[in-house]
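Chain residues, written in single-letter form:
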Amino acid sequence: MTSSSSPSQDTKRLAHAYPEGLRADALMEEDVAWSYEIDGERDGDQFDRSERAALRRVAGLSTELEDVTEVEYRQLRLERVVLVGVWTTGTAQDAENSLAELAALAETAGALVLDGVIQRRDKPDAATYIGSGKAQELRDIVLETGADTVICDGELSPGQLIQLEDVVKVKVIDRTALILDIFAQHAKSREGKAQVALAQMQYMLPRLRGWGQSLSRQMGGGRGGLATRGPGETKIETDRRRIREKMAKMRREIADMKTGREIKRQERRRNKVPSVAIAGYTNAGKSSLLNRLTGAGVLVENALFATLDPTVRRAETPSGRLYTLADTVGFVRHLPHHLVEAFRSTMEEVGGSDLILHVVDGSHPNPEEQLAAVREVIRDVGATDVPEIVVINKADAADPLVLQRLLRVEKRSIAVSARTGRGLEKLLALIDDELPRPAVEVEALVPYTHGKLVARAHSEGEVISEEHTAEGTLLKVRVHEELAADLAPYAPVSAA
């Protein structure tokens, strides 16, 4: 019968068996052994503590021109930026993908990305986002690259912005400000510009900076006397009050614009025209799909947030039913809540639709994250009850294994290519099947003098059969209740 020794006995045995310098190594032999069960689920390569906390450069982000002949195609003066992110959850690859997306956003805004670094932390530093020591290292990178702006991959508090700027000595902006800047550049319609302006003011209100009491005005006091010579409203308080007044005016203007769009939407509902909304991640190919399905001629560009203003076009199913197809603003991870609120009236096209075409980029490194980010915004605008078809776009450039995985996980999905036209016929047939059908089936003999009823049956209902007789047009259709009541007087009399 064998007996196992106690931990204390093992320690004494190691103390006698090994010299002082090798004792710690002997104790760590079991920890050094690697096993898949224990180490396989770890988040990438394991580093020493100092290496894990260090700023790690992300390769391949620089967009600096190597060929000077390309300079004429770029803006005259580009901001030179360094990107910095804090990796708190997920794998190192997830953190690098997020910073790569930030680089694409910065390039869309017209910046020149010089470098990008990430830091492993449990949570962002409350003072400088990355900690005072790493902020000094970031300052060295800024000096080395000659950058004039630092972009942080997250939303910074006003205090974090000020203190990080004090250390790096250049302008600091966060992901939210960058997305707002892109929206401001790309908004074309009056409503889009108003929505972006409102979101920008909401973002800037708590981040205004002033000179404090030195710019205070004298307090009002009627005829003078006591308590009238103290500091009055400071310059920053005046600015905040004016911004609040502008925000209130902007909200009223957006509400008036919303009324006009609601009238058009009610007109479509009155005519019983089904609606389909295209939603998805930015640059997933929503506008390309709209152009393919309707010939809308919407701007198509390989850039983030190339189109912001919603576009509604008329389309027809293979069976001849009319419906509307609406292209909506693209979404992105960590979409600023200011934008979600400002664009809520525009996003109501999604909530008020009969079907959502959720477009995802099949060639993206992590399409599942795109799906999750879009569904989070759809949930915020209250459209979770609307049926959804996942359209996996760019199938011609996607990895076949990724396509198979998405088609297996997403039960109501289809792979298409808006560029080549692959899978679009199947998509149209799927839309025809998923759109709500009229509930009432009617047979009517409509006189030729009432051709408008026949036209309404074609545009608002689903024609099962049609026959032209001597007395009129014999229709067998499936229509909504209002049109069924108009056709009821023309029901054919049976031979009996």
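In the block above lies the structure referred to throughout.
Small disclaimer: the values here were computed from a predicted structure and weren't measured. Along each chain, numbering runs from 1 in the same order as the chain's sequence is written. Under the rules for a predicted model, residues below a pLDDT of 70 receive no local features and side-chain atom pairs below 80 are neither given nor counted, while totals for whole chains, interfaces and linings still include all residues. The basis for every side-chain value is the complete set of heavy atoms in the structure, and neither hydrogens nor water enter the calculation.

K.L.:
For this particular structure, what's the right way to read the packing of helix H12 (residues 286–294) against helix H17 (residues 424–434)?
P.N.:
Helix-helix packing is described using two parameters, namely the angle between the two axes and the distance between the axes. Angles here are taken between N-to-C directions and fall from 0 to 180 degrees, while the axes themselves are lines fitted to C-alpha atoms, restricted in helices to the stretch in contact. A helix here means a DSSP run of H or I that spans at least four residues, while a strand means a run of E at least two residues long, and both kinds are numbered starting from the N terminus. With their axes 12 Å apart at the nearest point, H12 and H17 run at an angle of 80° to one another. Judged by the angle between their axes, H12 and H17 are roughly perpendicular. In contact with Leu289, Arg292 and Leu293 of H12, H17 contributes Leu424, Leu427 and Leu428. Partitioned by chemical class, the residues of the contact of H12 with H17 number five nonpolar, no polar and one charged. By the definition adopted for this analysis, an angle is roughly parallel if under 35 degrees, roughly antiparallel if over 145, roughly perpendicular if from 65 to 115, and oblique otherwise. Note on definitions: a residue-residue contact is assigned when non-hydrogen atoms from the two residues lie within 4.5 Å. Basically, the charged four are Asp, Glu, Lys and Arg, the nonpolar ten are Ala, Val, Leu, Ile, Met, Phe, Trp, Tyr, Cys and Pro, and anything else, Gly included, counts as polar.

K.L.:
I'm lost on the packing of aromatic side chains in this one. Help?
P.N.:
By convention here, two paired aromatic rings are described through the distance between centres and the angle between planes. Note on aromatic pairs: the rings of Phe, Tyr and Trp (six-membered ring only in Trp) are paired at centre separations within 6.5 Å, and the planes decide the class, stacked below 30 degrees, edge-to-face beyond 60, tilted for the rest. Taken as a whole and assessed by the stated rule, the structure comprises zero aromatic pairs. The ring of Trp87 carries the charged tip of Arg120 above its face, separated from the ring centre by 4.5 Å. Only lysine NZ and arginine CZ atoms are considered, and such an atom sits over a ring when it is within 6 Å of the ring centre and within 35 degrees of the ring normal.

K.L.:
I'm lost on the pattern of salt bridges in this one. Help?
P.N.:
Here the idea is simple: oppositely charged side chains can pair when their charged atoms come close. What makes a salt bridge here is a side-chain nitrogen of Lys or Arg within 4 Å of a carboxyl oxygen of Asp or Glu, nothing more. For the structure shown, the criterion picks out 16 salt bridges. Here Arg207 ties to Glu155 by a salt bridge, and the two come within 3.5 Å at their closest N and O atoms. Residue Arg207 is located in the loop between helix H10 (190–204) and helix H11 (235–270), and its partner Glu155 is located in the loop between strand E4 (149–152) and helix H8 (158–168); the two are separated by 52 residues in the primary sequence. Of the residues examined, Glu155 reaches a relative accessible area of 38% and is grouped as partly exposed. A single salt-bridge network, built from bridges that share partners, covers Glu101, Asp153 and Arg175. Summary of the burial criterion: residues with accessible area below 20% of their type's maximum are buried, those above 50% are exposed, and those between are partly exposed, where the area comes from a 1.4 Å probe applied to protein chains only.

K.L.:
Got a minute to help me understand the side chain of Ser417 in this structure?
P.N.:
One can find Ser417 in the loop between strand E11 (413–415) and H17. Classification of Ser417 by relative accessible area gives buried; the value is 1%. Ser417 has contacts with Asn393, Lys394, Ala395, Asp396 and Arg422, leaving out every residue within four places of it along the chain.

K.L.:
In this structure, what is going on with the sheet that holds strand E7 (residues 311–316)? I would like to understand it.
P.N.:
Hydrogen bonds between backbone groups are what pair the strands of a sheet, and the pairing can be parallel or antiparallel. Strand pairing is assigned whenever DSSP identifies at least 2 bridges connecting the two strands. Taken together, six strands build an open sheet; the order of strands is E7-E8-E6-E9-E10-E11 and the sheet is mixed. Each end of this open sheet is capped by a strand with a single partner; those strands are E7 and E11. Pairs of neighbouring strands in the sheet enclose a mean axial angle of 25°, with direction left out of account. Direction of pairing for E7 relative to strand E8 (residues 322–327): antiparallel, over a ladder of six bridges. Counted as the bridge partner of Glu316 is Leu322 from E8.

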